[in-house]
Amino acid sequence: MKNGGRTPVAGMTHALVLLIVLVFFMPYAALIPMPTIAAILLHVAYNMSGWRNFAHLCKTASRGAVATLLLTFALTVVFDLVVAIAVGMLITVVLFMKMVSEETEVRGWKYYCDEDSEVTHLRELPESVRVYEINGPMFFGMTDRISDISVKSFTKYLIIRMRGVPSLDSTGMNALENLYGYCRENGVSLIFSHANEQPMKTMRRAGFVDMVGEDHFRSNIDDAIAYARKLLDEEGETASA
């Protein structure tokens, strides 16, 4: 590689040269002094150590990544590479889940009536309809954020926009079921907008779609708002009758 080899031919040539040395020149290689071989091994080990990359990672990586690197390095020296890789992978998985959970957000829509506001083309919502949007995967690392969803005393329909949710696990499913129970206690109906394929399969398998109602799962946010407005109109007609 250092001399410009980039193709499979270079690898095959290298293997053939080593084979010839082992088969035909081993008696001569045995005559090489041990200090010379030791020097060669030290040089090879120095080149393989990658200390420049090690130092660069310590300077530029996050604290969690640096801690994982140093711990893996220490375990390699104290125990062996197998133990170090296993522990390092476990720590990396935990750090990755923490990072993903921090990126997942649950936020409610806000509307601005200020004439000087730069926000334009806002969707008109009935006062009794509230919209929350979830962005990011829903798993056990972020279920506590679902509990932040709240409704007002005058809220009748709560729309959950899920177009930014690529995946949903059983713990996230349990959080949605708790949200459904919270809405029922407060007389609020749930409507879901743009549930992706994997979350929809999980909700069907858990019986959540049947619990909420197939009609309460709409293809997009505009359809969900129109459906909520239709239900409000029907309630108004029933009350007036």
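Rules used throughout
Numbers given to residues run from 1 along each chain, matching the order in which its sequence is written. Totals for whole chains, interfaces and linings use every residue, but because this is a predicted model, local features are given only for residues with pLDDT of at least 70 and side-chain atom pairs only at 80 or more, for both listing and counting. Water and hydrogen atoms were dropped before computing side-chain values, which therefore reflect all heavy atoms in the structure. The numbering of helices and of strands both runs from the N terminus, where a helix is a DSSP run of H or I of at least 4 residues and a strand a run of E of at least 2. A 1.4 Å probe rolled over the protein chains alone gives each residue an accessible area, and that area as a share of the maximum for its type sets the label: buried under 20%, exposed over 50%, partly exposed in between. Pairs of residues are marked as contacts when any of their non-hydrogen atoms sit within 4.5 Å. Note on areas: these come from Shrake-Rupley sampling with a 1.4 Å probe, and a residue is covered only by the protein chains present in the view. Each aromatic pair joins two rings of Phe, Tyr and Trp (for Trp, the six-membered one) with centres within 6.5 Å, and gets the label stacked for planes under 30 degrees apart, edge-to-face for over 60, and tilted for any other angle. Working rule: Lys NZ or Arg CZ, within 6 Å of ring centre, within 35 degrees of ring normal, means a charge sits over the ring. One bridge is not enough; two strands pair if DSSP finds at least two bridges between them. A crossover gets the label right-handed when its path from the first strand over the helix to the second runs clockwise, viewed with the strands pointing away from the viewer. Counted as salt bridges are all cases of a side-chain nitrogen of Lys or Arg within 4 Å of a carboxyl oxygen of Asp or Glu. For the purposes of this section, nonpolar cores are sets of buried Ala, Val, Leu, Ile, Met, Phe, Trp, Tyr and Cys residues that join through side-chain atoms within 4.5 Å. In a helix, the anticipated span is given by 1.5 Å times the number of residues less one. The directions from the helix axis to the C-beta atoms are what the arc is built from. We define a polar contact as two N or O atoms separated by no more than 3.5 Å, with the added condition that, inside protein, one atom must be a possible hydrogen donor and the other a possible acceptor, whereas residues neighbouring each other in sequence contribute only through side-chain atom pairs.

Would you mind going over the overall build of the protein chain with me for this structure?
In terms of regular secondary structure, the protein chain is built from eleven helices and five strands. For the protein chain, buried positions account for 26% of its 241 residues. Here the contacts in the protein chain between residues at least 6 apart in sequence split such that 75% fall between residues at least 24 apart. Of the roughly 16500 Å² of accessible surface on the protein chain, a fraction of 62% belongs to carbon and sulfur atoms.

For this particular structure, what's the right way to read the packing of aromatic side chains?
Here the distance between the centres and the angle between the planes together describe a pair of aromatic rings. Within this structure, the stated rule accounts for five aromatic pairs. On the numbers, 5.0 Å between centres and 10 degrees between planes, the contact of Phe192 with Phe217 is stacked. One end of the pair, Phe192, is in strand β4 (residues 189–193); the other, Phe217, is in strand β5 (residues 217–218), with 25 residues separating them in the sequence. For the pair formed by Phe192 and Phe217, the shared burial category is buried. The rings of Tyr180, Phe192, Phe208 and Phe217 are connected pair by pair, giving a single aromatic cluster. A cation over a ring is seen here: Arg218 above Tyr227, with NZ or CZ 4.3 Å from the ring centre.

Please clarify how the pairing of β4 should be interpreted in this entry.
A regular strand places its side chains on the two faces of the sheet in alternate fashion. Counting buried residues along β4, four of its five residues qualify, which places the element largely inside the surrounding structure. When strand β3 (residues 157–164) meets β4, the two strands line up parallel, connected through five bridges. Each bridged residue has a counterpart across the sheet, and for Ile160 the counterpart in β4 is Phe192. Handedness of the crossover joining β3 and β4 through helix α8 (residues 170–185) is recorded here as right-handed. Pairing of β4 with β5 involves two bridges; the strand directions are parallel. Along β5, the bridge assignment pairs Phe192 with Phe217.

When you look at the pattern of salt bridges in this model, what are you seeing that I'm missing?
Pairing of side chains with opposite charge becomes possible as their charged atoms draw close. By the definition in use, this model includes six salt bridges. A salt bridge links Arg161 to Glu133; the nearest nitrogen and oxygen atoms lie 3.6 Å apart. Remark: Glu133 occurs in strand β2 (residues 129–135) and Arg161 occurs in strand β3; sequence separation between them is 28 residues. There is no split in this pair, since Arg161 and Glu133 are both buried. Sharing partners across several salt bridges, the network here consists of Glu133, Arg161 and Arg163.

Would you take a moment to explain the nonpolar core for this structure?
Core analysis: the biggest nonpolar cluster contains 26 residues, and Leu158, Ile160 and Met203 have the highest contact counts within it. Among the elements of the structure, β2, β3, α8, β4, α9 (197–205) and α10 (208–212) are those that each provide at least two residues to this core. Per-element tally for this core: the top contributor is α8, with six residues. Beyond its immediate chain neighbours, meaning those up to four positions away, Leu158 contacts Arg130, Tyr132, Ile149, Val151, Leu179, Cys183, Val188, Ser189, Leu190 and Ile191. In terms of nonpolar packing, the next biggest core, distinct from the first, is built from twelve residues, Tyr157, Ala224, Ile225 and Leu232 among them.

Please explain the environment of Gly136 as it appears in this structure.
By the secondary structure assignment, Gly136 is in the loop between β2 and α7 (143–146). Taking the C-alpha atoms as reference points, Gly136 and Ser167, separated by 31 residues in sequence, lie 8.0 Å from one another.

Please clarify how α8 should be interpreted in this entry.
Since the α-helix turns once every 3.6 residues, residues separated by three or four places project in the same direction. Taking 1.5 Å per residue as the helical rise, α8 with its 16 residues ought to reach 22 Å, and the 23 Å between its terminal C-alpha atoms agrees with that figure. Every buried residue belonging to α8 is among Gly172, Met173, Ala175, Leu176, Leu179, Tyr180 and Cys183, and all of these are buried. Taken end-on, α8 shows its buried residues confined to a sector of 155 degrees, consistent with a single buried face. Set apart from the buried face of α8 by more than 90 degrees, the exposed residues are Ser170, Arg184 and Glu185. Residue Asp169 occupies the N-cap position of α8, its side-chain oxygen lying 3.2 Å from the main-chain nitrogen of Thr171. The positive-phi residue at the C-terminal boundary of α8 is Gly187, with phi of around 70 degrees.

Everything listed here is a matter of geometry and, on its own, says nothing about what the molecule does.
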